[in-house]
Amino acid sequence: QVQLVESGGGVVQVGGSLRLSCVTSTSIDSIRSMAWFRQAPGKGRELVAVTQTSGFTKYVESVEGRFAIWRDDAKNTVYLQMNSLKPEDTGVYYCNAKFALTRGDGYWGQGTQVTVSS
């Protein structure tokens, strides 16, 4: 049982930056995996970045070196810093949470739109 609320999306120019936030309704340090996914029209939902309580992080190759994911336990928030944005970064970004025993796709936020204009 966790609710996720994303914010921070918007419209930016190529090369710009955005920081997305996802606030959890439960203690974030009890959630094994926090992740950001994105989906563009005509494409499947893809994993952008994930962070686990072990300290493990992973990024999709297309964003390595440009994006960063981290948690702020005091604020029960996971962030996605996005720099050097490209048009192909455009999509709806979703926050995802999985506890250690979660089955299936986990818990999802409602999404926030990111549009990078060229």
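Thresholds applied
Residues numbered from 1 in each chain as written. Predicted model: local features only at pLDDT ≥ 70, side-chain atom pairs only at ≥ 80, totals over all residues. Heavy atoms only, no water. Disulfide = S-S within 2.5 Å. Helix = DSSP H or I, 4+ residues; strand = E, 2+ residues; numbered from the N terminus. Buried < 20%, exposed > 50% of the residue type's maximum accessible area, 1.4 Å probe, protein only. Contact = heavy atoms within 4.5 Å. Polar contact = N/O pair within 3.5 Å; in protein donor to acceptor, adjacent residues only side chain to side chain. Pairing = 2+ DSSP bridges. Phe/Tyr/Trp six-rings, centres within 6.5 Å; stacked < 30°, edge-to-face > 60°. Lys NZ or Arg CZ within 6 Å of the ring centre and 35° of its normal.

### Observations concerning the state of the cysteines
Tallying each qualifying case throughout the model produces one disulfide. Covalently, C22 is tied to C95 through a disulfide, its sulfur atoms 2.0 Å apart. Between C22 and C95, the disulfide has an S-S torsion of -85° and is therefore left-handed. In this pair, C22 is assigned in strand β3 (residues 18-24) and C95 in strand β9 (residues 91-98), connecting sequence segments 73 residues apart.

### Focus on unusual backbone geometry
Although it is not a glycine, N76 sits at a positive phi angle of roughly 50°. By secondary structure assignment, the location of N76 is in the loop between β7 (67-72) and β8 (77-82). Residue N76 is classed as partly exposed on the basis of its relative accessible area of 22%. If you check the backbone angles, S84 has positive phi at about 50° while not being a glycine.

### Observations concerning the environment of R19
Position of R19 relative to the elements: it lies in strand β3. Using a relative accessible area of 46% as the deciding quantity, one classes R19 as partly exposed. The spatial distance from the C-alpha of R19 to the C-alpha of T115 is 13 Å, given a sequence separation of 96 residues. Each residue touching R19, except ones within four places of it in the same chain, is listed here: S7, G8, W70, Y79, L80 and Q81. A distance of 2.7 Å separates a polar atom in the side chain of R19 from a polar atom in the side chain of Q81.

### What to know about the pairing of β9
Of all eight residues that make up β9, six are buried, and the element is covered over most of its length. For strand β4 (residues 33-39) and β9, the ladder comprises seven bridges, and the chain directions are antiparallel. Bridge assignment links M34 to a residue of β9, and that residue is A97.

### Notes on the packing of aromatic side chains
Working definition: an aromatic ring pair is given by the centre-to-centre distance plus the angle between the planes. All told, the structure shown has four aromatic pairs when counted by the stated rule. Geometrically, the ring pair formed by F99 and Y107 is edge-to-face, given 6.1 Å between the ring centres and 85° between the ring planes. Taking relative accessible area as the criterion, Y107 reaches 30% and is therefore assigned partly exposed. Taken together through their ring pairs, the aromatic side chains of F37, Y94 and W108 make up a single cluster. The side chain of R45 reaches across the aromatic face of Y94, ending 4.0 Å from its centre. Lying across the ring of W108, R45 places its NZ or CZ 4.6 Å from the centre.

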